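Residue-level structural notes
Chain by chain, the residues:
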There are 4 protein chains.
Amino acid sequence: MLVVMRHGATTAEIDRVVRTIQEMGYHAAPMPGAQRTAVGLVGNDGRVDSSRIEALPGVAQVIHVTQPYKQVSREWRPENTIVTIAPGVTVGGPEVAIFAGPCSVESEEQILTAARAVRAAGATALRGGAFKPRSSPYAFQGLGRRGLELLALAREETGLPIVTEAMDEEGAHLVAEYADCIQIGARNMQNYSLLKAVGRIDKPVLLKRGLAATIGDLLLSAEYILAEGNGRVILCERGVRTFDPASRNMFDLTAVPVVHELSHLPIIADPSHGTGNRERVTPMARASLAAGADGVIIEVHPNPDRALSDGAQSLFPDQFTELVVELREIARAIGRTVAAPPPRPADGRVDAASGPARGSSSGPAPIAVG
Amino acid sequence: MLVVMRHGATTAEIDRVVRTIQEMGYHAAPMPGAQRTAVGLVGNDGRVDSSRIEALPGVAQVIHVTQPYKQVSREWRPENTIVTIAPGVTVGGPEVAIFAGPCSVESEEQILTAARAVRAAGATALRGGAFKPRSSPYAFQGLGRRGLELLALAREETGLPIVTEAMDEEGAHLVAEYADCIQIGARNMQNYSLLKAVGRIDKPVLLKRGLAATIGDLLLSAEYILAEGNGRVILCERGVRTFDPASRNMFDLTAVPVVHELSHLPIIADPSHGTGNRERVTPMARASLAAGADGVIIEVHPNPDRALSDGAQSLFPDQFTELVVELREIARAIGRTVAAPPPRPADGRVDAASGPARGSSSGPAPIAVG
Amino acid sequence: MLVVMRHGATTAEIDRVVRTIQEMGYHAAPMPGAQRTAVGLVGNDGRVDSSRIEALPGVAQVIHVTQPYKQVSREWRPENTIVTIAPGVTVGGPEVAIFAGPCSVESEEQILTAARAVRAAGATALRGGAFKPRSSPYAFQGLGRRGLELLALAREETGLPIVTEAMDEEGAHLVAEYADCIQIGARNMQNYSLLKAVGRIDKPVLLKRGLAATIGDLLLSAEYILAEGNGRVILCERGVRTFDPASRNMFDLTAVPVVHELSHLPIIADPSHGTGNRERVTPMARASLAAGADGVIIEVHPNPDRALSDGAQSLFPDQFTELVVELREIARAIGRTVAAPPPRPADGRVDAASGPARGSSSGPAPIAVG
Amino acid sequence: MLVVMRHGATTAEIDRVVRTIQEMGYHAAPMPGAQRTAVGLVGNDGRVDSSRIEALPGVAQVIHVTQPYKQVSREWRPENTIVTIAPGVTVGGPEVAIFAGPCSVESEEQILTAARAVRAAGATALRGGAFKPRSSPYAFQGLGRRGLELLALAREETGLPIVTEAMDEEGAHLVAEYADCIQIGARNMQNYSLLKAVGRIDKPVLLKRGLAATIGDLLLSAEYILAEGNGRVILCERGVRTFDPASRNMFDLTAVPVVHELSHLPIIADPSHGTGNRERVTPMARASLAAGADGVIIEVHPNPDRALSDGAQSLFPDQFTELVVELREIARAIGRTVAAPPPRPADGRVDAASGPARGSSSGPAPIAVG
């Protein structure tokens, strides 16, 4: 940490900074310059809380040299983390993952139709919301536990692992019973109680970037999960809020190479929320893979005109089928491949239709329902 | 709601929009224009979920005429809501309120010293965090329940009602036991589980604007609380995130007249978080009242250089004393007054020092000093 | 300047940074830390262009300690600059200035009516656009030279000095012939050719903050003007662009105390553009003075419903009259006063009605037309 | 245009809106709704200036249905515009263009080395700044006319057409003498005097998006150029300013499909400025083509460590060579091709080395080397 003094700071002011640093238990190294003096703080093994020092008299600025996160950083772990969602379904390795499905689970027919369609097209995992954070209290809030049961049913039929959102601690435990990967939505990215809760659950977590979160903030939120002991975190770029109403969000694809520089965690991209508009999903999904994303998550609905939420950004099944073909081409162009869907459960062996899910997906044979 | 068709949209496309609106249970009114046709949706008594329509072929844009919130709107209730925090301590009437205290409760000595100082200077209520949302998991997270006990102790001595933050449903119930007003922090403004929880608790709520929340979003979050039955909501402008690193946040004081136009709820301003820097707090607190804010909330610490959080933006007690004098001048200039502190509990009669708090502050005599 | 090396940077990488700094003519001071090495660059007397160093192998970050601007900084000149627009009309001293008038000059009757009204209410100077930067090429672009002539006519009658915008070098010379203060609009804040041009003209300059300009950028643009020799610069906060559509712009009043910390130049505030809406102008004008602004600039139109531009944010003359009364109260509350309008030219002595203006307003008696 | 009245607006207020619309020469169509009345304005053939109406009593909101731009819109011209920069060098057709070169022209050796290197790697055109807009007046401002002469020399040797920036009207004419395409930089995107000037020059224009410009603003600025008669405009996404310091700018690649929806003009992407960092240029250049950009513009410097500007974001020639190979793969994956460089002038036949350029590049044989 470097404390920059104002031009003309007095010796007494500099001394006070030095003393304060020493009281905090660090070594202070004053460095006189041509224009200003700076005082280095040496000996910290993490981010120092600088707020005590920032407003001392004569201080112009405090500059942090050390990043505030640790376990998520590439300096902590140089090699890429590969997160396994289900046997054969990984994120962060050479294969890129494709998560697809409707915004919300609406009915048994809807989710089964969707699941079949996205599997047929080549998706690796099924997404779908049972608990929906909506900005209006009067909007459809999801089917809740019934939605989770229907997702489990869809998994039984198609073999696709399930990714679905939890909105609070109680919900996280419920989601963990049914799903293969717990999603933390953008609005809850800094809901620290929830982050700590999923940090103590033995399931992979898909952590979406908040609407006004810097990439540093996203990594700090992931650090909350790792700090509780859960290292299976997948980050997700889904657009941030800016001044331009042209799109629902501004899809910040540069987050992909930036996260790959700073962290060992995998990052996928969500062009559905990132753009908010069906016509833009295909080009931006292609761009996501070209930028190096470890996967994409795409909203697909059997009948978008009748969707209870996010219809405008949901692809028709046919569009998704074409998109997967294009994504394979892009993956090939940069030396990666699109993962194949996991094996479909053997016929006749599915008998625990809508019951709570298999054990931890890190275990050896989660779909062994027979 | 108005559905604007693209220039050159076909009759079939227009008909499909009309049919979709009818299927949704509304009346459709096509309006051909010089350049484009628009289709009005008539008969809705709230915000329609337009996502089904937005991506129909030939649709250029969907425009909402009705605001998505209801109970918080001035159209719903024209007269100002006045929220009572404690007997004699109101927000939203002609008197402006001054909430003050340290960022975090750190120790008995610290919070008592702070409480005495801010009361002596003229504060109306005591703020102080027991549960602290921090972007880093390694930063000081607050004293928890012990912090609440110390706040209650400070109230017993000074008579100042207490405002403190809750971060999850469990915490909200705990805070409600001890405090007079439950604060929802900026990072949790769209934590809908938490909003619903405090909507069912009979305590006033101080709802802070999120870092990237529009004023419309802030009102929608308040609507979640009102929709659960709790109408005692105080809004708080505390700065939003923008591109300029010159200040910690961009303090959007225009939110004050905008909220007063759109809603009957009171709004206060937080220049401490809004600016992040002690030297800027005084001018921006003055500006807050001049803009019409119903109160201010100010961080004051007995010894900011030793604060465990937010030291740089905390006022010294002397600075706060001067500030209150200036605020009285500004209030007078615009025809308001600064509220007097509530009565101090009579000497020798306080005997329930750190126990859980008095009953609901909406009741007649919460401090039960007699 | 401080060059922070990555954790694990090699000795060879550190040596290369040291050599590069030395080649650039500075002294390099390596500082090993617990986690990383940093290399200080010592001996620069201004901002070093760090781009050569930023991407050297092993470099994590380059941190600037010295601000990139000089002559505008308070370190360069500790006492406040007071800019004289016309005899008795100053900005930056204890008196606060009120600039008022219509967005555009539309006709002789309109500008004369407006000028009389704002003078009667207490304005210190007359604003009005002859050259209008409009985002659409099809919108009204101003009356051009004829507008300047009408402004000069209004000055002859009312004695109010004139502030009007220039959009290019040729226009700046024309404006300087007629007006007392040249305005550079937000869209041209980084039009460096124009900044250099007005830096060489002997007239005060009102420099408005750009839509996405940081306060640092604003000061750098002012530096362009001072670097050419013109020290009479008044800064103006007029709102920046953010994600919230609730107001036309986000009015960043904290810019006022921040500019006062960093620079000796005066800063005024423009609540008309800052809010975009008549109802919000009054509270935010009051807030501007309470925040310490050296003046305000307000749009007033004799008949806003018929204004050719910015009607929605223009005050009616009656509203402006009331506003000035309130501003006097606020100024008094913080120990300042609102300046009185300059003396009206003596009757019968005005004979150069619409001719080019008096000499430089820095001279002794510019209005002595008789 | 739709005027939405407040809930509870009086008949008199509605009538006044109707009369005002009629006075403006349009037809007014009142539409009573369940909650509010709206008044349609019918008969306009372009964007109406709504500011007169916005603040009439009882008006809640004015909604524009018609876009404010015309000639740039796809409704005006459905088929893609293909801009020819030089014989065989087009932007907007099936081939994607690659513009490359240093940020600034620094010396004859530097620009010739760079030009040879980028041509050898496969660039279609040479970029390089002779006039540099720099935020600090003390930073290197470019070589001016000498820079243009050196660019012309590089063209003579390599055959690559030249793209270079103009900062004011005088500069635009000078640039037009030497270059094949006039660049308007981000800071001048709303310098309307300059836009009008290049609208009257017979050269293609590369118009970069401003730092806080919406896509609508970008199209309106292009409209200024088309309105003056110059239809050869290429748009360029180069990142906008947001809250995240992780990258120099936020590179908004969704602008590519959005512009393709709204306009017939081609759009290229600038990942060098869009990311500000060499390591991120390659993935984001690939993403640009995958998103459908009609070309990319890349900073390449023979020796980035010694560049006078933008060294950190400039590729080494070897990196650029590899990048072009990858771009060819991506183009192929989406059914496009990377254009081949234009023919090199025949040896020994170049005799007008550094003189002003050939005629308008729209003519048949601008390089006239024979």
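Above: the structure in question.
Counting starts from 1 at the beginning of each chain's written sequence and moves along it residue by residue. Whichever chain is written first is A, and whichever ligand is written first is 1; the rest continue in order. Predicted model: local features are reported for residues with pLDDT of at least 70 only, side-chain atom pairs are reported and counted for 80 or more only, and whole-chain, interface and lining totals are derived from all residues. Heavy atoms throughout the structure, all of them, feed into the side-chain values; hydrogens and water do not.

What about the relation of the copies chain B and chain C?
Overlaid copies result from least-squares superposition on C-alpha atoms, with residues included only where pLDDT is at least 70 in both. Mapping chain B onto chain C leaves a residual RMSD of 0.0 Å; the transformation is a rotation of 180° accompanied by 0.0 Å of translation along its axis. Taken together, the rotation angle and the small translation identify this as a two-fold axis. Closest to the rotation axis within chain B is the C-alpha of A287(B), separated from it by 2.1 Å. A high fraction, 100%, of the interface residues of chain B reappear at the interface in chain C, so the copies pair face to face through one surface. The contact criterion used is simple: two residues touch if any of their non-hydrogen atoms lie within 4.5 Å.

Describing the relation of the copies chain A and chain B
When chain A is fitted to chain B, the residual RMSD is 0.0 Å, and the transformation amounts to a turn of 180° plus an axial shift of 0.0 Å. Of the residues that chain A buries at the interface, 100% are likewise interface residues in chain B, meaning the two copies contact each other through the same surface.

What about the interface of chain A and chain B?
Counting residues at the interface gives 47 residues for chain A, matched by 47 residues for chain B. Of the roughly 3900 Å² buried where chain A meets chain B, counting both sides, 44% is carbon and sulfur surface. The largest share of the area that chain A buries against chain B comes from R52(A), Y138(A) and D305(A), three residues that together contribute 15% of it. Should a side-chain nitrogen of Lys or Arg be within 4 Å of a carboxyl oxygen of Asp or Glu, the pair is scored as a salt bridge. Summed over the shared surface of chain A and chain B, the result is four salt bridges. We note a salt bridge from R241(B) to D217(A), for which the minimum N-O separation is 2.5 Å. Polar contact is the term for a pair of N or O atoms within 3.5 Å; when the atoms are in protein, one must be able to donate a hydrogen and the other to accept it, and sequence-neighboring residues count only if both atoms are side-chain atoms. In this assembly, chain A and chain B are joined by 22 residue pairs in polar contact (both at pLDDT 80 or more). Breaking the side of chain A that touches chain B down by element, the ones donating at least two residues are helix 1 (11-23), helix 2 (51-54), helix 6 (192-199) and helix 7 (215-227) of chain A. Across the side of chain A that touches chain B, the residue classes break down as 18 nonpolar, twelve polar and 17 charged. The term buried area refers to how much accessible surface (probe radius 1.4 Å) is lost by two components on association, counted for both of them together. Secondary structure elements follow DSSP: runs of H or I of four or more residues count as helices, runs of E of two or more count as strands, with numbering from the N terminus. Gly counts as polar in this scheme, as do all residues outside two lists: the nonpolar Ala, Val, Leu, Ile, Met, Phe, Trp, Tyr, Cys and Pro, and the charged Asp, Glu, Lys and Arg.

A short note on the packing of helix 3 (residues 108-121) of chain A against helix 11 (residues 317-333) of chain A
Residues and elements named next belong to chain A. Where helix 3 meets helix 11, the closest approach of the two axes is 9 Å, and the angle between their N-to-C directions is 25°. Considering the angle they form, helix 3 stands roughly parallel to helix 11. Taken as a pair, helix 3 and helix 11 cross one another with a handedness that is right-handed. Contacts from A117, V118 and A121 of helix 3 reach helix 11 at P317, F320, T321, V324 and R328. Residues that form the contact of helix 3 with helix 11 fall into these classes: six nonpolar, one polar and one charged. In this analysis an axis means a line fitted to C-alpha atoms, helices contributing only their contacting stretch, and an angle means the value between N-to-C directions, from 0 to 180 degrees. In these notes the angle categories are as follows: under 35 degrees is roughly parallel, over 145 is roughly antiparallel, 65 to 115 is roughly perpendicular, and the rest is oblique. Note on convention: near helix rotated counterclockwise from far helix by under a right angle means a left-handed crossing. Clockwise means right-handed.

What about the sheet that holds strand 2 (residues 27-32) of chain D?
Strands pair in a sheet through their backbones, by hydrogen bonds, and they do so in one of two ways: parallel or antiparallel. All names here are of chain D. Criterion used throughout: strands pair if DSSP finds at least two bridges between them. Spatial strand order, 2-3-1-4: four strands in an open sheet with antiparallel pairing. Edge positions in the sheet fall to strand 2 and strand 4 (59-63), since each of these pairs with one other strand and no more. Neighbour to neighbour, the strand axes of the sheet diverge by 20° on average, direction disregarded. With three bridges connecting them, strand 1 (residues 2-5) and strand 3 (residues 37-42) associate as antiparallel partners. Its bridge partner being in strand 3, L2 is matched across the sheet by G40.

Some remarks on empty space enclosed by the protein
The pocket and cavity definitions rest on a 1 Å grid over protein atoms only: a 1.4 Å probe that fits but cannot leave marks a cavity, an open set with protein on both sides within 12 Å along at least five of seven lines marks a pocket, and residues lining either have an atom within 4 Å of a point. Grid points are joined across faces, edges and corners, and a volume is the space filled by probe spheres set on the points. All told, the structure shown has seven cavities of 30 Å³ or more when counted by the stated rule. Every residue lining the largest cavity is counted, 19 residues in all, and those nearest its centre are A186(C), R187(C), L211(C), A212(C) and R187(D). For the lining of the largest cavity, the per-class residue count stands at ten nonpolar, four polar and five charged. In this structure, the second largest cavity encloses a volume near 120 Å³. Around the second largest cavity, the lining is made up of 14 residues, and of these T242(A), R241(C), T242(C), R241(D) and T242(D) lie nearest the centre. Taken together, the residues of the lining of the second largest cavity break down into six nonpolar, four polar and four charged.

Let's talk about helix 4 (residues 145-158) of chain A
All names here are of chain A. Here the expected span of a helix is defined as 1.5 Å times the quantity of residues minus one. In this model helix 4 runs 20 Å from its N-terminal to its C-terminal C-alpha over 14 residues, within 8% of the 20 Å that 1.5 Å per residue would give. Burial classes: relative accessible area under 20% of the type maximum marks a residue as buried, over 50% as exposed, and values in between as partly exposed (1.4 Å probe, protein chains only). Taken across its 14 residues, helix 4 has eleven buried, putting it largely inside the fold. Buried within helix 4 we find G147, L148, E149, L150, L151, A152, L153, A154, R155, E156 and T158. Where helix 4 is buried, its residues contact helix 3, strand 8 (125-127), strand 9 (162-165) and helix 5 (169-178). G159 sits one or two residues past helix 4 and shows a positive phi near 85°.

Quick look at the pattern of salt bridges
For the structure shown, the criterion picks out 67 salt bridges over all chains. Residue D270(A) is joined to K208(A) by a salt bridge in which the shortest nitrogen-to-oxygen separation is 2.6 Å. Of this pair, D270(A) sits in the loop between strand 13 (267-269) and helix 9 (271-275) while K208(A) sits in strand 11 (residues 205-208), placing them 62 residues apart in sequence. For K208(A), a relative accessible area of 3% puts it in the buried group. Among the salt bridges present, the one from R146(C) reaches E108(C), with a minimum N-O distance of 3.8 Å.

Notes on the packing of aromatic side chains
Only Phe, Tyr and Trp rings take part, Trp by its six-membered ring, and two of them pair if their centres are within 6.5 Å. Stacked means planes under 30 degrees apart, edge-to-face means over 60, and tilted covers everything else. Counted according to the given criterion, the structure contains four aromatic pairs over all chains. Ring centres of Y192(A) and Y224(A) lie 4.4 Å apart, and the angle between their planes is 20°; on these two criteria the pair is classed as stacked. Here Y192(A), found in helix 6, pairs with Y224(A), found in helix 7; they are 32 residues apart in sequence, far enough to count as distant. Per residue, the accessibility class of Y192(A) equals that of Y224(A), and both read buried. Against the face of Y138(C) rests K70(D), its NZ or CZ located 5.2 Å from the ring centre. Note on criteria: charge over ring means Lys NZ or Arg CZ within 6 Å of the ring centre, with the direction from the centre no more than 35 degrees off the ring normal.

Some details on the interface of chain B and chain C
Opposite the 36 residues of chain B that make contact, chain C presents 36 residues. When the two sides are added together, the surface that chain B and chain C hide from each other amounts to roughly 2700 Å², 68% of it contributed by carbon and sulfur. Per-residue buried area on chain B facing chain C is highest for F243(B), M250(B) and T254(B); these three make up 20% of the total on that side. For D244(B), the salt bridge is made with R209(C), and the minimal N-O distance between the two is 2.9 Å. If you list the elements that add at least two residues to the side of chain B that touches chain C, you get helix 8 (255-262), helix 10 (278-290) and helix 11 (317-333) of chain B.

Some remarks on helix 7 (residues 215-227) of chain C
Residues and elements named next belong to chain C. In this model helix 7 runs 18 Å from its N-terminal to its C-terminal C-alpha over 13 residues, within 8% of the 18 Å that 1.5 Å per residue would give. Among the 13 residues in helix 7, eleven count as buried, and that is most of the element. For helix 7, the set of buried residues is I215, D217, L218, L219, L220, S221, A222, E223, Y224, I225 and L226. Close packing links the buried residues of helix 7 with helix 6 (192-199), strand 11 (205-208), strand 12 (233-237) and helix 8 (255-262). Positive backbone phi, approximately 115°, marks G229, located one or two places after helix 7.

Quick word on the layout of surface pockets
The calculated volume of the second largest pocket comes to roughly 530 Å³. Along its surface, the second largest pocket is lined by 22 residues, and E169(C), S193(C), M167(D), D168(D) and E170(D) are the ones closest to its centre. When residues of the lining of the second largest pocket are traced back to their parent elements, those giving at least two are helix 5 (169-178) and helix 6 of chain C together with helix 5 (169-178) and helix 6 (192-199) of chain D.

So, the environment of A117(B)
All names here are of chain B. Looking at the secondary structure, you find A117 in helix 3 (residues 108-121). Taking the relative accessible area as the measure of exposure, A117 reaches 23% and is therefore partly exposed. Counting along the chain gives 34 residues from A117 to V83, while the straight-line C-alpha distance between them is 25 Å.

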